[in-house]
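# Notes for the structure review
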Amino acid sequence: MKKIAISIVGLLLATSALAASARIGGFAALDLLTYQKKEDNTANYDTGIGVLDMKIYARHKKFSSKVKLDLDDKGIGYSDLNFVEEFTVSWKPNFDWLVTAGKGKVKFHRLHWGATENCFTDGGSILGTANQYRDLDNRPIFILRYGNYRKKFMNHFSIFANPSYPRTNSNNYTDKYAVNTKIDLTEERGFADKFEIFPTRSLSLSVSGLYYKHDQNPHPNYAFDAGGRYKKDSIEIWFEYIWGRNGTKAGHNKYAVFNSYENTFQLGAQYELNDLIDVMIDVEGVMARWVGYVDPKDSSSSKDLGKTQDNIKADFGVKFKVAKSTQITVGTLFEKKFYKSEGSSLSTDWAYQVSSGLSIWF
């Protein structure tokens, strides 16, 4: 904890000293009380911190920086400062162009929050999904943006790397523990392009394409995303669809697959009843088909049988706006999973959750 405190103080001091303007913001979501029941399992009651993020923004002339601290991730190794989820520097030479580099998020998904839980592409599942194309964050990135709201369009072109993939040296020796903080185009090539249009002040639409090839992967990976958001007066509607093909080297991690195809969709709406209450509904699905590896130590071994997993969930919530930047949300979520291996019968699992939470922006 001492190292965390020292690091945060150092970031704040550096930001204040070098920037003409700086500010600190953040988001906290507290689980007041959650009741969760999975099929054939004992029900769980819990409370605690759901999300805890801190953001630091700084600006000086044509340059700006952003630091995002992900303080709620239980898998973070705090000793080596991996809780810094994003640290980028941007240069805006004029109103039309923006260049961003550092550690951050690839411009591909839309990632709209559901009613009481996050979307499938950001881990908002009770039963666990099999989709590979999730939030592309914590990555070395270089992003070139052209356009703005005045032009009614923006195009984001991203070059990125996967820091969690094993590194290799000149002798083709694989170091599973190495973390790559740079974009090494000699070993991996990741590109994404997201095009957004704003026909009206109420409507935004986007299409995205992604290509990623690592020399150790069995084949190139690519994905497509399309989505939109409509917000006017008391109603907001959002949707997103993702199609992707993926394949990783055997033994890369426990989720390595030779080949997978997936479809993900999200459709939701929020309606403001009055100044105090909003009602929300969010429906999502993931359909994944994949072929794995028999021997994770030998990528040339025979392949595992084909498998399928489909998840669908319905999320309902009521939001009470107790203050300008504070809200209490109560609701229920139901999720069902369908799983099948080639040559076996279909198996299913279900779960539901009743929750209440407090969200604060600062």
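Positive phi is not limited to glycine here, since N138 has a value of about 55°. Within the secondary structure, N138 is located in the loop between strand 5 (97-104) and strand 6 (139-148). The phi torsion at D233 lies on the positive side, around 55°, for a residue other than glycine. Residue placement: D233 occurs in the loop between strand 12 (221-232) and strand 13 (235-246). Taking the relative accessible area as the measure of exposure, D233 reaches 71% and is therefore exposed.

Turning our eyes to something else, we now look at the pairing of strand 17 (residues 326-341). As paired elements, strand 16 (residues 303-323) and strand 17 share 15 bridges and run antiparallel to each other. Each bridged residue has a counterpart across the sheet, and for F320 the counterpart in strand 17 is I328. In this structure, strand 17 lies alongside strand 18 (residues 347-361), joined through 14 bridges in antiparallel fashion. Along strand 18, the bridge assignment pairs F338 with T348. Between the end of strand 17 and the start of strand 18, which pair antiparallel, lie five residues, with G343 showing a positive phi angle near 90°.

In this structure, F142 sits in strand 6. Classification of F142 as partly exposed rests on a relative accessible area of 36%. For the pair F142 and K105, spaced 37 residues apart in sequence, the C-alpha separation works out to 9.8 Å. With residues near it in sequence (within four places) discarded, F142 still touches V99, T100, A101, F157, S158, I159 and I183.

In terms of nonpolar packing, the biggest core is built from twelve residues, these being V106, F108, Y133, L136, I141, I143, F160, A192, L210, Y212, A223 and I242. Residue assignment for this core shows that the elements contributing at least two residues are strand 6 and strand 11 (203-214). Leave out the neighbours within four places in its chain, and A223 touches F108, Y133, S208, G209, L210, W243 and G244. Ranked by size, the runner-up nonpolar core spans six residues in total, among them M54, V67, L69 and F83.

What follows covers a nonpolar patch on the surface. The grouping of Y230, I235, I237, F239, L267, Y271 and L273 at the surface amounts to a nonpolar patch, some 610 Å² of accessible area in total. Mapped onto the nonpolar patch, the elements with two or more residues apiece are strand 13 and strand 14 (259-272). The element best represented in the nonpolar patch is strand 13, accounting for three residues. Residue placement: Y230 occurs in strand 12. What makes Y230 partly exposed here is its relative accessible area of 33%.

Any two side chains of opposite charge can pair, given that their charged atoms come close. This structure, assessed with the given rule, holds eleven salt bridges. With a shortest N-O distance of 3.0 Å, K321 and D278 are connected by a salt bridge. Residue K321 is located in strand 16, and its partner D278 is located in strand 15 (residues 277-293); the two are separated by 43 residues in the primary sequence. Judged by its relative accessible area of 22%, K321 falls in the partly exposed class. Classification of D278 by relative accessible area gives buried; the value is 6%. We note a salt bridge from K313 to E284, for which the minimum N-O separation is 3.7 Å.

Cut-offs used in this document
Residues numbered from 1 in each chain as written. Predicted model: local features only at pLDDT ≥ 70, side-chain atom pairs only at ≥ 80, totals over all residues. Heavy atoms only, no water. Helix = DSSP H or I, 4+ residues; strand = E, 2+ residues; numbered from the N terminus. Buried < 20%, exposed > 50% of the residue type's maximum accessible area, 1.4 Å probe, protein only. Pairing = 2+ DSSP bridges. Contact = heavy atoms within 4.5 Å. Core = buried A, V, L, I, M, F, W, Y, C linked by side-chain atoms within 4.5 Å. Patch = residues over 30% accessible without salt bridge, like charges linked within 9 Å, V, L, I, M, F, W, Y side chains within 5 Å. Areas by Shrake-Rupley, 256 points an atom, 1.4 Å probe, with all protein chains shown as cover. Salt bridge = Lys/Arg side-chain N within 4 Å of Asp/Glu carboxyl O.

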